[in-house]
Each structure stands twice: as C-alpha cells, then as structure tokens.
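# Topology and contacts: notes
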Amino acid sequence: MSLGPLSVTCSIFIIFSFNIAYCLARMLLDLITLFCATHSILEHRVLSDPQERAWYDSHRAQILQTDYEEERVDVFPFFARSCFDRFDDGKKGFYTVYRKVFNNEKSNQNGRSSREYPSFGQSDSLYTDVVASFYQFWEAFRTHKNYTWVEKYDIRFSFNTNKLHPNLIFISTPIKERRAMEQENKRLRNAARRKRNEEVRQLVAFVKKRDKRVAAERERIQQVAQEAQARTQKLAREARQRCTRINQQLSAGYCIKCLPISHIVYSVLYNRVVSLLA
C-alpha cells in the first residue's frame, strides 16, 4: 500500500517536531545542570571565603526573598490626633496606642535586646521611674538595622549595574571601582538610617508634647520653683527687717556693748552688701 504525498509530509513533520522537542529537552536539562553546578560553586566560595560569608550573612534576607521588603512601623499615621481617643489606657487610648507603636519599633530592631529599650509605660507611670528614662532614650533614637537592602551595587561583581543575580559566578572587581561602589553603598545605607532616625525622633517629640505625664511634671517643677522663690524672698525680707531693727537700735543710742556681737557684725555686713549692690 503506497502512501500519498500528504501522508509522507505529515510523517516528516512529526519526525522533525519530535527531534526539535528532544533537542529542546536536552538543552533544558543541560541548563539545569549548569545552574546547579554554578550554584554549588557559589555556595562553596561563600562558605570557604570569610569575607564573602560575612557579606552573605548580612544580605541573607534579600537573597532568600527576591521581593524583600523592610519590616518597619509606619509612624506617619500616628502624627494625627485621630489615632487615639482619650488620654487613658483604653483600647484606643493615648498610652495604649503609642505603647504599642514603640513596642513594635523596638521588636523590629535587630542587634539589641528589647529589654534595653525603655517602656512607654501607662497613664499612671511615675515620671522618675518610667517616663524620664523613656524620653531620654527615644529622643536620641538610633536604628540598629544595617539597611543593606538599599545598596545599589553588589561589590562582588565588576558590572556597573544594580543588584545582580546571586547565582552568578564571582568575577574579579578592580580595586578602584570596588571602593567607589562600597562608598556609594555606604552613603545610601547612612542616608536610610538618618531618615529612619529622624522619623522616630519626630514622633517622640510629637508624643512628648501631648503627654499628660510630662505636662504634670512640668507643673510640679514650676510649682517647686515658685515655692523656692517665695522662700528666698521671705528670707530676704526678714533679713532686711532684722537689719533695719538693729540700725534703729544703734541710732536710738543703744550701747554697742548692750547688743550681741552677732547683731553688730550682721548689720555691718548687710550694709556693706547693700552699698556694693547700689
């Protein structure tokens, strides 16, 4: 039985398609093998080179997560008065809301124990025990995150591009170019840290200005100062009256021997001070 031209053409097409599919499968298998070999070389280089291992450890989160995003507290919604209801410890009270904000911020900091961060406390927390130490620390807040995810260059490579795929084989980087890349990465990290520090410090200033515990402490200090000033004025007034009385006694013809020596010395010294201040 002879095959027609159409059947022969279909057979040739099927055989040709099968060969193409086979070649593509072999190419894909070779690429997978090459990828695995390259990845093994990379891991071996990282584990054997202390410098590369340190770099890998500091960038571990970005390497394991291609869509890495910083875990951070968005402080800007808490600059509004509407973020809390009252100045109490209720569910949406001032002290509950901001205590949670600062607790979340300190839990996101790496490199320090959360116990080293003073607590915001509650509405009835003592100023000397809790409030003063809290503001003293947080007003000088400095983040301990390394911000390696904002780096522009991967200093392991000589290519002048943004983040390269970490599975590429290492390529030697010229010293001058490497230093320039390191400086740029350092500048970006420092800028990100300064920005975060300023955000948190501004929030602390916003909270402190509205903290009733701080206002109460200011009123107490003002009252103590007023009381001290009143006592000083009273003592000065009594001293003037005493000196005036002694001077009157001397002017009235009292014998100096009849007056206690302390009164005479006191009167002389007082008159001397008054004359110097006049």
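Residues numbered from 1 in each chain as written. Predicted model: local features only at pLDDT ≥ 70, side-chain atom pairs only at ≥ 80, totals over all residues. Heavy atoms only, no water.

### Some words on the nonpolar core
Of all hydrophobic cores here, the largest spans 23 residues; its most connected members are Tyr98, Phe102, Phe120, Tyr135, Trp138 and Val207. Mapped onto this core, the elements with two or more residues apiece are helix H4 (94–107), helix H5 (127–138) and helix H6 (175–210). It is H4 that contributes the most residues to this core, six residues altogether. Leave out the neighbours within four places in its chain, and phenylalanine 120 touches Phe94, Tyr95, Tyr98, Arg99, Phe102, Val130, Phe134, Tyr135, Val207, Asp211 and Arg213. (Core = buried A, V, L, I, M, F, W, Y, C linked by side-chain atoms within 4.5 Å. Buried < 20%, exposed > 50% of the residue type's maximum accessible area, 1.4 Å probe, protein only. Helix = DSSP H or I, 4+ residues; strand = E, 2+ residues; numbered from the N terminus. Contact = heavy atoms within 4.5 Å.)

### Things to note about the packing of H4 against H6
Packed helices, taken two at a time, are described by the angle their axes make and the gap between the axes. Contact pair H4 / H6: the axes reach a minimum separation of 12 Å and the direction vectors enclose 160°. With respect to H6, the axis of H4 lies roughly antiparallel. The handedness of the crossing between H4 and H6 comes out as left-handed. Counted together, Phe94, Tyr98, Val101, Phe102 and Glu105 of H4 and Arg196, Val200, Leu203, Val204, Phe206, Val207 and Arg210 of H6 form the full contact between these two elements. Of the residues that constitute the contact of H4 with H6, the class distribution is nine nonpolar, no polar and three charged. (Axes fitted to C-alpha atoms, helices over the stretch in contact; angles between N-to-C directions. Parallel < 35°, antiparallel > 145°, perpendicular 65-115°, else oblique. Left-handed = near helix turned anticlockwise from the far one by under 90°. Nonpolar A, V, L, I, M, F, W, Y, C, P; charged D, E, K, R; others polar.)

### Re unusual backbone geometry
Residues other than glycine seldom take positive phi values, yet tyrosine 147 does so here, at roughly 55°. As for its position among the elements, tyrosine 147 is in the loop between H5 and H6. For tyrosine 147, a relative accessible area of 3% corresponds to the buried category.

### Observations concerning the pattern of salt bridges
Across all of its chains, the model carries nine salt bridges by this definition. For arginine 187, the salt bridge identified is with glutamate 184, shortest N-O distance 2.7 Å. On the criterion of helical spacing, the pair formed by arginine 187 and glutamate 184 is a turn pair, its members being three residues apart in helix H6. In this structure arginine 187 comes out as partly exposed when scored by relative accessible area, which is 46%. Its relative accessible area of 23% is what places glutamate 184 among the partly exposed residues. Between aspartate 211 and arginine 213 there is a salt bridge, and its shortest N-O distance comes to 2.8 Å. Assessed through its relative accessible area of 1%, aspartate 211 is described here as buried. Given the relative accessible area of 7%, arginine 213 is considered buried. (Salt bridge = Lys/Arg side-chain N within 4 Å of Asp/Glu carboxyl O.)

### Some details on the packing of aromatic side chains
Per the stated rule, a full pass over the model turns up 22 aromatic pairs. Ring centres of tyrosine 117 and phenylalanine 137 lie 5.1 Å apart, and the angle between their planes is 75°; this geometry places the pair in the edge-to-face category. Remark: phenylalanine 137 occurs in helix H5 and tyrosine 117 occurs in the loop between H4 and H5; sequence separation between them is 20 residues. According to the relative accessible area criterion, phenylalanine 137 is partly exposed, its value standing at 24%. Consider the rings of phenylalanine 137 and tryptophan 138, whose centres lie 5.8 Å apart with planes at 80°: the pair is edge-to-face. Its end group placed over the ring of phenylalanine 87, lysine 212 keeps NZ or CZ at 4.6 Å from the ring centre. Geometry around phenylalanine 120 places arginine 213 over its ring, the cationic atom sitting 4.7 Å from the centre. (Phe/Tyr/Trp six-rings, centres within 6.5 Å; stacked < 30°, edge-to-face > 60°. Lys NZ or Arg CZ within 6 Å of the ring centre and 35° of its normal.)

### A closer look at the environment of glutamate 182
With respect to the secondary-structure elements, glutamate 182 resides in helix H6. Since its relative accessible area comes to 31%, glutamate 182 is described here as partly exposed. For the pair glutamate 182 and aspartate 154, spaced 28 residues apart in the sequence, the C-alpha separation amounts to 8.8 Å.

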